[in-house]
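Each chain is listed here by its residues.
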Amino acid sequence: MTATTDAPAPICDVHEEIDAHWPYIQNILEDLRQVSDPDIDEPISKGTDNDDWEELTSLAIPQTTAQPLTKVVQEAYHIFDHRMRTNHPTFFSFIPSNSTELSWIGDILVSAFNAHTGGRIASAGPCGVETALVEWLASKINFPSTAGGLFVSGGSMANLMAMVIARDQALPKGTHSRGIIYVGDQVHYSITKAARILGFDEEQVRQIKCGTSFQIIPQDLQKQIREDKQNGLIPFLVVATFGCTETGAIDPIDEISEIVSREGLWLHVDGAFGASVALSSSRQGMASVLGHAHSVSWDAHKWLFQTYGCGMLLVHDKSKLVSSFHSKADIIDREGRLEPEVGEFWDLGIELTRPSRAMRLWFTLRVLGEERIGRWIDHGPNLTEIIQSCLEEIPCWEIVSRASLGILNFRYNPGGMTEEELAKLNEQIRQAMLASNTAALMTTKLQGKLALRICCITTHLTREHAVNLVRALDQTAKIQYDPTAVLQK
Ligand SMILES: *Cc1c(COP(=O)(O)O)cnc(C)c1O
């Protein structure tokens, strides 16, 4: 057979379509600006009923023939419409997403350039920024100049990677089945999940019961470690939390770090939510204890206002990342491997091909500047403290866990009710608040009490909004408690 001289024409024949729709495509930014910044009157949540579900899932697969671009964009709007607005100003459930336009404008840049940030050889610019930005963030949590880290998809990934390093550094080879991990009973479930992924049994994770302030009790931790050592087990890792998801509580990291260094363990601090306080204007001092950790998880897609998929793992000593994640690979070595210290991210983590998540956060930080983002970070917790003092001033409201890093738990407790009745009443209050589109709260069970939980890291609300929220809560609670009493008034 002889090769034909007619080379096939390029197959990427979409440019004309894009050209034809370009004015429409430019308008997409206009639409997105609105959806990414919902008005307070817009619905907080939109789910699906069975019919919606069928209709939505029918859109999932491509049709045999091409569809007009404009139609498909409309389909995307329709699909995304069915979601909880985690960025709604009165969404206080989970950890809200207060991602701003800045974050997704940064995303557009990251996506369009699509730099391969596996290593400096592939994208010197973004890898250089990632290295330097991570070092700057590490200095904010009191880490020394040996520190380093990398951007990852989120807290779950950062926690998993930290536990890989802890295992490699602090658990002697061949002793896996005797290794013991210590966590508080308020620990995030991604930690227990990571332990399982790493092949540790449930019995190898010791849950230390927290005290009334939802923090690990150091004496209990010390006692358990001694006991386990006496029984021939090998304690190797303590996971403390800086900003528990349920309560915002901060474990006593100073005291825990003393125990950890005395006993020769690894200290990982899960700061997925809380570590951002290191950049706040008035609370940054709180973060200095993080310097005692060997590794820290930190999510930028929570309290640094980024869109999802932007977290970090920071380690006290960057060489430990290389020890766990470097793997000899001919293809990479052939291309010319540089020293890991200079931004060879494929040697620092699990991913090879990775987007430049760092450039996204860089964009926001660079536009806002340190002072401004500091005030943004403080705003939510300041409002939470206002909500707490308002609740304390009106009868029947009980604070279950005090405001910490913008998280507050409370409940309506008019007296004379059993725990079960109180749980039902407060759950009704949560539902009514959502049904009236006033606010999305979460319920959580804390030491036997069902509480209403808010996490407030918004930049959108005012003191007046906070006061109105408490007023609405009180009215809703009264109606739920005794509908007739309110109607008679
Ligand atoms: C959110 C959170 C995680 C999990 O992080 P993802 O980014 O959701 O994977 C872990 N720990 C704490 C304390 C968190 O708040």
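Residues numbered from 1 in each chain as written. Predicted model: local features only at pLDDT ≥ 70, side-chain atom pairs only at ≥ 80, totals over all residues. Heavy atoms only, no water.

**Thoughts on the site of the ligand**
Neighbouring residues of the ligand: 14 residues in total, closest Gly155, Ser156, Asp270, Asp299 and Lys302. Residue Asp270 places a side-chain N or O atom 2.6 Å away from a nitrogen atom belonging to the ligand. Contacts to the ligand include His301, whose side-chain N or O atom sits 2.9 Å from an oxygen atom. Notes on the ligand: free accessible area 380 Å², of which the protein chains cover 85%. Those elements giving two or more residues to the shell around the ligand turn out to be helix 7 (155-170) and helix 11 (300-303). It is helix 7 that provides the largest number of residues to the shell around the ligand, a total of three residues. (Near = heavy atom within 4 Å. Polar contact = N/O pair within 3.5 Å; in protein donor to acceptor, adjacent residues only side chain to side chain. Areas by Shrake-Rupley, 256 points an atom, 1.4 Å probe, with all protein chains shown as cover. Helix = DSSP H or I, 4+ residues; strand = E, 2+ residues; numbered from the N terminus.)

**Concerning the sheet that holds strand 8 (residues 397-404)**
Strand order in the open sheet formed by four strands is 8-9-11-10, and the pairing between neighbours is antiparallel. Pairing within the sheet leaves two strands with one partner each, and these edge strands are strand 8 and strand 10 (442-446). When strand polarity is set aside, the average angle formed by the axes of neighbouring strands in this sheet is 30°. Note: strand 9 (residues 407-412) against strand 11 (residues 449-455), four bridges, orientation antiparallel. Bridging across to strand 11, Asn409 finds its partner in Arg453. Relative to strand 8, helix 15 (residues 370-393) is tilted by about 160°, and along the sheet it contacts strand 8, strand 9 and strand 11. Across the sheet, helix 17 (residues 463-481) touches strand 8, strand 9 and strand 11, and the angle it forms with strand 9 is around 35°. (Pairing = 2+ DSSP bridges. Axes fitted to C-alpha atoms, helices over the stretch in contact; angles between N-to-C directions. Contact = heavy atoms within 4.5 Å.)

**A closer look at the environment of Pro218**
Residue position: Pro218 is located in helix 9 (residues 218-230). Overall, the relative accessible area of 10% leaves Pro218 in the buried class. Those residues in contact with Pro218, other than ones at most four positions away along the chain, are Pro252, Glu255 and Ile259. (Buried < 20%, exposed > 50% of the residue type's maximum accessible area, 1.4 Å probe, protein only.)

**Structural notes on unusual backbone geometry**
At Cys396, a residue that is not glycine, the phi angle is positive and equals roughly 80°. Relative accessible area serves as the criterion here: at 30%, Cys396 is assigned to the partly exposed category.

**Let's talk about a negative patch on the surface**
A surface patch of negative charge is lined by Asp13, Glu16, Glu17 and Asp19. In this fold, Asp13 is placed in the segment before helix 1 (15-20). (Patch = residues over 30% accessible without salt bridge, like charges linked within 9 Å, V, L, I, M, F, W, Y side chains within 5 Å. Salt bridge = Lys/Arg side-chain N within 4 Å of Asp/Glu carboxyl O. Lys, Arg positive; Asp, Glu negative; His and termini not counted. Charge placed at Lys NZ, Arg CZ, Asp CG, Glu CD.)

**Description of the sheet that holds strand 3 (residues 205-208)**
Across the sheet, which stays open at both edges, the seven strands sit in the order 1-7-6-5-4-2-3 with mixed pairing between neighbours. Unpaired on one side and paired on the other, strand 1 (148-152) and strand 3 mark the two borders of the sheet. When strand polarity is set aside, the average angle formed by the axes of neighbouring strands in this sheet is 20°.

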